[in-house]
Amino acid sequence: MSLPPSTAANVLQVFVSSVTDEMAPYREVALRAIRSSEMLPKNFNEGAGVEATHGKTIFDLNRDTVRTSDVLVGLYGFARAWRPYGFGDLSDQHLELRQDPEKLILEYEYVWALEAGIYVFPFLRTPRTADLPDVPLDARMSAFHSRLKTRTVGWLTNTRDFHEQLVRRLVSIRPRVFLSYSRRNGDIALKLQRELRNEDVHVWRDAINIPLRRGMAVSNSSWPGADGCLTCISHIRFRRF
Amino acid sequence: MDVLLVLVTSDSAGSEWVQKECLEFVHRQKPVVPYVVESQVKNALPDYLRSIQYIDGTETTGFSTLAQRLRLLLAH
C-alpha cells in the first residue's frame, strides 16, 4: 500500500500575479524562489494566447487557476495591467465586469485569492525599486497599491533581497501536517485548515486528488509554458488507485 | 509530511482512502491525530483508529487542544 507519488497535484502551487513585461526581472526571481522552496509556480497569460475551453471563458479559467492555487505572490508595479472588460465578448458573458469596467486583472486575482482563503504575499514596487524599467505610476495601480497597503505587504528593493524575502515566506508555510478527510467534509476541512493557519500550524489538504467516487478524481491538466510555469485547466479525469 | 491529522466524521470513518492514508502513516511510524467533530462517531470509530487517542472536537476546548498537540508533535 502506498500513497500517490509526489506530483503537480500534491506540492504547494504558487500563482504569480504581475504585469509580465514591467516586472520580468522580479518574476524570474519569483519563479526561482518558488522552485528552490520545492513548490510549483503557476501562471496565467494575460488574455491573449489563452483559449477558452470546456465551455469556460479565459476569465473563468484565470479564476479557477487562482482558486486552485495554494499561494498567490503578487508583484505589483507601476504599469497598468490588463483589463478584462472590453476584451472580446467577456463583458457579455460576465456581467460582473460591468460593475467596474476599469478593474484590472491583478485586482480580480487578488480578490479571488482572498475569497479562496489561500496565502497571499503581495510585494509592491516603490520609486526606489532597482532593476525595473522606468514606467510612470498608473492611477488605477496607485489606488490598488493604497488598498494593498492596508494589509501587510513586502517592498521590492532589489532582486537579491526579494529572493531572500520570498524564500523565507514560502519556507515558513511549508506544511508538515497532512489532513485526511472525506470529500463530503470539504467545507469543514477548509475551515479547520484556515483556523490552524491562524495558530501557525500549516496543514496540507489535498483538494485536487480527493476521489469523487471510486476511480474518479477532480484534477488539473497542466503543461509547462514558455517560462516553465504551469498553465492549468480544471476538468474531471479518471485516476487509478 | 510529519503528522497525519484525520478529520473524523461518519463520512470519513467509512472512507477507504482515509483508511489508506492512516495506515500508511502508521506503517511509517509517524504520528496520527484523529480529530472527532461529530458526537455520534465517538462510539463508532473505525478499527484502525480505535487504539489511537483522539481529540474531541465537539468540546469547547477541542480546537485549542488540537493546535497544542500538533505544535508539540512538530517541535520534536
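Quantities reported herein were computed from a predicted structural model and do not represent experimental measurements.

What counts and how
- Residues numbered from 1 in each chain as written.
- Chains lettered and ligands numbered in written order.
- Predicted model: local features only at pLDDT ≥ 70, side-chain atom pairs only at ≥ 80, totals over all residues.
- Heavy atoms only, no water.
- Helix = DSSP H or I, 4+ residues; strand = E, 2+ residues; numbered from the N terminus.
- Buried < 20%, exposed > 50% of the residue type's maximum accessible area, 1.4 Å probe, protein only.
- Contact = heavy atoms within 4.5 Å.
- Pairing = 2+ DSSP bridges.
- Axes fitted to C-alpha atoms, helices over the stretch in contact; angles between N-to-C directions.
- Salt bridge = Lys/Arg side-chain N within 4 Å of Asp/Glu carboxyl O.
- pLDDT = per-residue confidence, 0-100.
- Phe/Tyr/Trp six-rings, centres within 6.5 Å; stacked < 30°, edge-to-face > 60°.
- Lys NZ or Arg CZ within 6 Å of the ring centre and 35° of its normal.

Enquirer: Give a detailed account of the overall build of chain B, specifying residues and quantitative values.
Expert: From N to C terminus, chain B includes four helices and three strands. Across chain B, helices and strands are ordered from the amino to the carboxyl terminus as β-α-α-β-α-β-α. Projected onto its principal axes, the C-alpha coordinates of chain B cover approximately 30 × 30 × 15 Å. Out of the 76 residues in chain B, the part that is buried amounts to 45%. Sequence separation of 24 or more characterises 56% of the internal contacts of chain B that already satisfy a separation of 6 or more.

Enquirer: Tell me about the sheet that holds strand β1 (residues 3-8) of chain B, residues and numbers included.
Expert: Strand order in the open sheet formed by five strands is β7(A)-β6(A)-β1(B)-β2(B)-β3(B), with parallel pairing between adjacent strands. The open sheet has two edge strands with one neighbour each: β7 (203-204) of chain A together with β3 (55-56) of chain B. Here strand β2 (residues 32-36) of chain B runs beside β3 of chain B; their pairing, made up of two bridges, is parallel. Bridge pairing in β3 of chain B links V36 of chain B to D56 of chain B. In this fold helix α2 (residues 16-27) of chain B packs onto β6 (177-180) of chain A together with β1 and β2 of chain B, with an angle of close to 150° to the strand it touches most, β1 of chain B. Across the sheet, helix α4 (residues 62-75) of chain B lies against β6 of chain A together with β1, β2 and β3 of chain B, angled at about 175° from β2 of chain B, the strand it touches most.

Enquirer: Hey, could you go over the pattern of salt bridges for me, with residue numbers and the actual values?
Expert: What the rule picks out here adds up to 20 salt bridges over all chains. Close ionic contact of R176 of chain A with D2 of chain B constitutes a salt bridge, the shortest N to O distance being 2.5 Å. Note that R176 of chain A is positioned in the loop between α6 (159-172) and β6 and D2 of chain B in the segment before β1, a pairing that runs across two chains. Between E199 of chain A and R71 of chain B there is a salt bridge; the shortest N-O distance is 2.7 Å. Taken as a pair, E199 of chain A in the loop between α7 (186-198) and β7 and R71 of chain B in helix α4 lie in two separate chains rather than in one. Under the relative-accessibility criterion, E199 of chain A is labelled partly exposed at 30%. Ionic contacts of the salt-bridge type, sharing partners, join the residues R80, R83, E102 and D138 of chain A into one network.

Enquirer: How would you sum up the confidence of the model for chain A? Please name residues and give values.
Expert: Residues and elements named next belong to chain A. Mean pLDDT over chain A works out to 82, with 77% of the residues at or above the 70 mark. Contacts from residues 4-9, a stretch scored under 50 in pLDDT, to residues over four places away or in other chains number 13 contacts. Under a pLDDT of 50 for its full length, residues 213-241 has, in the predicted model, 80 contacts with residues more than four places off or in other chains.

Enquirer: A description of the packing of aromatic side chains should follow, citing residues and the corresponding values.
Expert: Scanning the entire structure with this criterion turns up 10 aromatic pairs over all chains. Residues F178 of chain A and F25 of chain B carry aromatic rings whose centres are separated by 6.3 Å and whose planes lie at 35° to one another, so their mutual orientation is tilted. Taken together, the residues span two chains, with F178 of chain A in strand β6 and F25 of chain B in helix α2. No difference in accessibility class separates F178 of chain A from F25 of chain B, as the two residues are buried. Chaining the aromatic ring pairs together yields one cluster made of Y26, F123 and F162 of chain A. Between K103 of chain A and the ring centre of Y108 of chain A, over which it is positioned, the NZ or CZ distance is 4.6 Å. Above the plane of the ring of Y119 of chain A lies R197 of chain A, whose end atom (NZ or CZ) is 4.0 Å from the centre.

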